[in-house]
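Secondary and tertiary structure notes
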Amino acid sequence: KDKNSLVETVQPKETFDDVGGLEDVKKRIRMDFIMPIQSPEFFQAFGKKSGGSLLLYGPPGCGKTFLAKAIAGEINASFIHLELQAILSMYVGQSEHNLHDVFEKAREQKPCVLFIDELDALGGNRHRMSQHHDRMIVNQLLLELDGLQSFNDQVYIIGATNTPWYLDPALRRPGRFNSLLFIPPPSQEERELILTLKTKDKPQEKLDLSKVAKVTSHFSGADLTQVVDDAVSKAIERSLEQGSLQPMSHADVLKAARNRNPTTLEWFS
Ligand code: ATP
């Protein structure tokens with residue numbers, strides 16, 4: 001990855017309405033993260049500090065990235081998606097320099113949500129040669145996070161990891177990633193909601209999505225998105241064959257669901 005793709009900024013259109021379920025999570029994020037930005041006076045009156053950063057964790061594909069983007073959408077902020085793996089693969093020195101550039105870019109684009117993905121890439125099971133490199137990056141990250149704190153300059157940091165227990169403890173201290181939020185796999189009811197969101201606006205016959213939700217235990221939001229995608233492909237295929245638009249059927253969706261496996265189970269074992 002070149003340096004420029006590391007710092008690509010977007011203006012997300014997604015909001016919390018596009019995120020299916022996760023009502024408790026949204027409520028907490030509203031209260032702890034969004035309201036202090038939108039109505040700082042009430043928080044200040046009670047001596048409650050605003051800002052801070054948020055760490056999302058949980059099995060893959062359950063909406064951490066999507067939620068971070070929706071937070072940016074909610075507060076009309078720009079959004080930068082930083083994949084830590086890309087920084088880690090650079091040379092010593094270059095990594096720290098580029099990490100600094102990303103934070104600099106976020107400050108220029110403020111208000112900005114800077115989403116730092118794959119925090120678990122730091123530390124963990126990497127071989128000894130990279131430990132020093134990791135240390136340097138963690139130090140640079142701490143420097144940047146602490147720097148932001150003293151400015152309160154409308155750069156909001158959201159981190160994500162699948163394995164928070166491997167995270168460097170220094171990153172978890174107050175003012176850094178001290179607020180930890182679990183993003184669980186969707187419940188049956190939430191799966192139905194996500195399926196409804198992903199199928200709306202698509203040509204369809206009557207779908208029984210509650211039935212599909214029932215047979216998709218342990219599917220992540222990403223898995224469900226794939227299921228709908230498969231069903232869409234099927235309907236397009238049929239349309240091409242018949243030379244006229246064929247809607248997606250309940251059988252298409254159900255079959256697609258039965259042909260896929262859930263990906264969240266592994267995380268819990
Ligand atoms: P990873 O840990 O692999 O990075 P993640 O938790 O960041 O995964 P996302 O990238 O946010 O997962 O989710 C993948 C896709 O799945 C999203 O782009 C979105 O379309 C869909 N998705 C996941 N969860 C939800 C949800 N709750 N509501 C709607 N869509 C969802």
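Above this note sits the structure.
Everything in this summary refers to the structure shown in the same document. (Residues numbered from 1 in each chain as written. Predicted model: local features only at pLDDT ≥ 70, side-chain atom pairs only at ≥ 80, totals over all residues. Heavy atoms only, no water.)

1. Section: the environment of Leu 193
Tracing the backbone through its elements, the reader meets Leu 193 in helix H8 (residues 188-199). According to the relative accessible area criterion, Leu 193 is partly exposed, its value standing at 41%. Residues Leu 193 and Ala 160, spaced 33 residues apart in sequence, show a C-alpha to C-alpha distance of 24 Å. (Helix = DSSP H or I, 4+ residues; strand = E, 2+ residues; numbered from the N terminus. Buried < 20%, exposed > 50% of the residue type's maximum accessible area, 1.4 Å probe, protein only.)

2. Let's talk about helix H2 (residues 23-38)
For H2, spanning 16 residues, the distance from its first C-alpha to its last is only 20 Å, which falls clearly below the expected 22 Å at 1.5 Å a residue. Taken together, the buried positions of H2 are Val 25, Lys 26, Ile 29, Phe 33, Ile 34 and Pro 36. (Expected span 1.5 Å × (residues − 1).)

3. Points about the site of the ligand
Lining the immediate surroundings of the ligand are 17 residues, of which Gly 20, Gly 61, Lys 64, Thr 65 and Phe 66 lie closest. Between Lys 64 and the ligand, the recorded distance is 2.9 Å, taken from a side-chain N or O atom to an oxygen atom. Phe 66 is positioned with one of its backbone polar atoms (N or O) 2.9 Å from an oxygen atom of the ligand. In the complex, the protein chains occlude 79% of the 630 Å² of accessible area that the ligand would expose alone. Of all the secondary-structure elements, those providing two or more residues to the shell around the ligand are helix H4 (64-74), H8 and helix H10 (221-242). Of the residues assigned to the shell around the ligand, the class counts are 6 nonpolar, 7 polar and 4 charged. (Near = heavy atom within 4 Å. Polar contact = N/O pair within 3.5 Å; in protein donor to acceptor, adjacent residues only side chain to side chain. Areas by Shrake-Rupley, 256 points an atom, 1.4 Å probe, with all protein chains shown as cover. Nonpolar A, V, L, I, M, F, W, Y, C, P; charged D, E, K, R; others polar.)

4. Things to note about the nonpolar core
With 29 residues, the main nonpolar core has Phe 103, Leu 114, Ile 116, Leu 141 and Ile 157 as its most contacted residues. For this core, the secondary-structure elements that each account for two or more residues are strand E3 (78-83), helix H5 (84-88), helix H6 (94-108), strand E4 (112-117), helix H7 (129-151) and strand E5 (155-161). Of all the elements, H7 adds the most residues to this core, at 6 residues. Of all hydrophobic cores here, the second largest spans 25 residues; its members include Ile 34, Ala 72, Leu 181 and Ile 183. (Core = buried A, V, L, I, M, F, W, Y, C linked by side-chain atoms within 4.5 Å.)

5. Digging into H10
Taking 1.5 Å per residue, 22 residues should reach 32 Å; H10 reaches 32 Å between its end C-alpha atoms and fits that length. Packed against the buried residues of H10 are H8 and helix H11 (250-258). Once H10 ends, the next one or two residues include Gly 243, with phi positive near 70 degrees. (Contact = heavy atoms within 4.5 Å.)

6. Focus: the packing of aromatic side chains
Per the counting criterion, the structure on display carries 6 aromatic pairs. Note on Phe 33 and Tyr 156: the rings are 5.9 Å apart at their centroids and 70 degrees apart in plane angle, and the pair reads as edge-to-face. Of this pair, Phe 33 sits in helix H2 while Tyr 156 sits in strand E5, and the two are 123 residues apart along the sequence. You can call Phe 33 buried: its relative accessible area is 4%. (Phe/Tyr/Trp six-rings, centres within 6.5 Å; stacked < 30°, edge-to-face > 60°.)

7. Examining the pairing of E3
Bridge count for strand E1 (residues 9-10) against E3 is 2 bridges, and the pairing is antiparallel. Residue pairing in the sheet places Thr 9 in a bridge with Ile 80 of E3. Strand direction decides the pairing type here: E3 and E4, joined by 6 bridges, are parallel. Paired with Glu 83 across the bridge in E4 is Asp 117. (Pairing = 2+ DSSP bridges.)

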